[in-house]
Amino acid sequence: MLETRDLTKVYDSTILAVNKLNLKVNPGEIYVVLGANGAGKSTTISMLLNFIDPTSGTALVNDIEIPKFPLEAKKHLAYVSENVELYRNFTARQNLEFFAKLGGRKKITREELDETLARVGLPEDAFKRRVKTFSKGMRQRLGIAIAIIKGADAVLLDEPTSGLDPKGGADFLNLLRELRSEGKAIFMSTHDIFRAKEIADRIGILVGGNLVRELTRQEIETEDLEPLYLRYVAGYESEEEVA
């Protein structure tokens, strides 16, 4: 399980990026944080990954406090960014093996590497191609392969479908559904309302660093999400004002 407790980040003593964020992502659940640029989505993920320290509050993965025990916590976390950072002159197979070992895998077979690459939809002829020849969609698939082979309990994704074509985006969401079915806790940030509505079990709307609304799957299906979201972004601060 992934959890934040009053997680807060203030930059330069004046810029409130995330304000007392409280949320939980359960095993086998996809939680999508929906927000405009500057809403605090990436800052939240950076704190969950211990890239930056919170000003106050904390975050946990499997009951391990991430700021206090970052190395232990990172064993349970995998991350896929908007622009997956890979070694461009390595092949897909070499990248996957390198990051698997970096994530703590001691022994890994060629068969397991290739099975994982095939699972995320990379064609066999791409396994030994250098990543610098890959499209963005192929790099995103390889990023998911790295998350899968690590065996992390929680997967964090920051705008992972940005820039993907419709088929690439749909394929990526199908991979997330597979991970959910395996019991992974998936936390995804996006400003794409339509893909959020398609994939999420719960949606949190983040405005100015504040979690202003959380919707269940039933509410996602029944609410007219786009105007609801736009009204919050336009400046409504409370659920009562939007209702």
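Up top is the structure.
Residues numbered from 1 in each chain as written. Predicted model: local features only at pLDDT ≥ 70, side-chain atom pairs only at ≥ 80, totals over all residues. Heavy atoms only, no water.

## Let's talk about the overall build of the protein
- Regarding its fold elements, the protein presents 10 helices and 10 strands.
- The C-alpha radius of gyration of the protein comes to 18 Å, within 12% of the 18 Å expected for a compact globule of 243 residues.
- Looking at the protein as a whole, 49% of its 243 residues are labelled buried.
- Across the protein, every contact between residues at least 6 apart in sequence was considered, and the portion connecting residues at least 24 apart equals 65%.
- Surface summary for the protein: the accessible area is close to 11700 Å², and the carbon and sulfur share equals 49%.
- Averaging the positions of the 34 positive and the 37 negative side-chain charges in the protein gives two centres separated by 8 Å. (Helix = DSSP H or I, 4+ residues; strand = E, 2+ residues; numbered from the N terminus. Rg over C-alpha atoms; globule rule 2.2 N^0.38 Å. Buried < 20%, exposed > 50% of the residue type's maximum accessible area, 1.4 Å probe, protein only. Contact = heavy atoms within 4.5 Å. Areas by Shrake-Rupley, 256 points an atom, 1.4 Å probe, with all protein chains shown as cover. Lys, Arg positive; Asp, Glu negative; His and termini not counted. Charge placed at Lys NZ, Arg CZ, Asp CG, Glu CD.)

## What to know about the packing of aromatic side chains
- Evaluation of the coordinates by the stated rule reveals seven aromatic pairs.
- Through a chain of ring-to-ring contacts, the aromatic side chains of Tyr87, Phe90, Phe98 and Phe99 assemble into a single cluster. (Phe/Tyr/Trp six-rings, centres within 6.5 Å; stacked < 30°, edge-to-face > 60°.)

## Observations concerning a nonpolar patch on the surface
- On the surface, Tyr87, Phe90, Phe98 and Leu102 cluster together into a nonpolar patch covering about 390 Å² of accessible area.
- On the secondary structure map, Phe98 appears in helix 3 (residues 92–102).
- In this structure Phe98 comes out as partly exposed when scored by relative accessible area, which is 33%. (Patch = residues over 30% accessible without salt bridge, like charges linked within 9 Å, V, L, I, M, F, W, Y side chains within 5 Å. Salt bridge = Lys/Arg side-chain N within 4 Å of Asp/Glu carboxyl O.)

## Some words on the pairing of strand 9 (residues 202–207)
- In terms of residue burial, strand 9 counts as a mostly covered element, since six of its six residues are buried.
- Side chains of strand 9 alternate between two faces, with Arg202, Gly204 and Leu206 and Ile203, Ile205 and Val207 buried alike.
- Bridge count between strand 9 and strand 10 (residues 210–215): five bridges; the pairing is antiparallel. What sits directly across from Val207, in strand 10, is Asn210.
- Where strand 9 folds back on strand 10, the antiparallel hairpin that results is connected by two residues, among which Gly208 adopts a positive phi of roughly 55°. (Pairing = 2+ DSSP bridges.)

## A look at the pattern of salt bridges
- Counted according to the given criterion, the structure contains 19 salt bridges.
- A salt bridge links Glu214 to Arg202; the shortest N-O distance between them is 3.3 Å. You can see Glu214 sitting in strand 10 and its partner Arg202 sitting in strand 9, a full 12 residues away along the chain.
- Overall, Arg202 belongs to the buried group, its relative accessible area being 14%.
- Among the salt bridges present, the one from Glu223 reaches Arg213, with a minimum N-O distance of 3.1 Å. Placement of the pair is Glu223 in the loop between helix 8 (217–222) and helix 9 (225–233) and Arg213 in strand 10, with a sequence separation of 10 residues.
- Of the residues examined, Arg213 reaches a relative accessible area of 9% and is grouped as buried.
- Residues participating in the shared-partner salt-bridge network are Glu29, Arg202 and Glu214.

## A closer look at the sheet that holds strand 6 (residues 77–80)
- One open sheet holds the six strands; their spatial order is 6-7-8-3-9-10, and the pairing between them is mixed. Bordering the open sheet on either side are strand 6 and strand 10, each of which pairs with just one other strand. Sheet twist, expressed as the average angle between the axes of neighbouring strands with direction ignored, equals 20°.
- Sheet topology places strand 3 (residues 29–34) next to strand 9; four bridges connect them, and they run parallel. The residue of strand 9 that forms the bridge with Val32 is Ile203.
- Strands strand 3, strand 6, strand 7 (154–158), strand 8 (185–190) and strand 9 of the sheet are contacted by helix 1 (residues 41–48), whose axis makes an angle of about 145° with strand 8. (Axes fitted to C-alpha atoms, helices over the stretch in contact; angles between N-to-C directions.)

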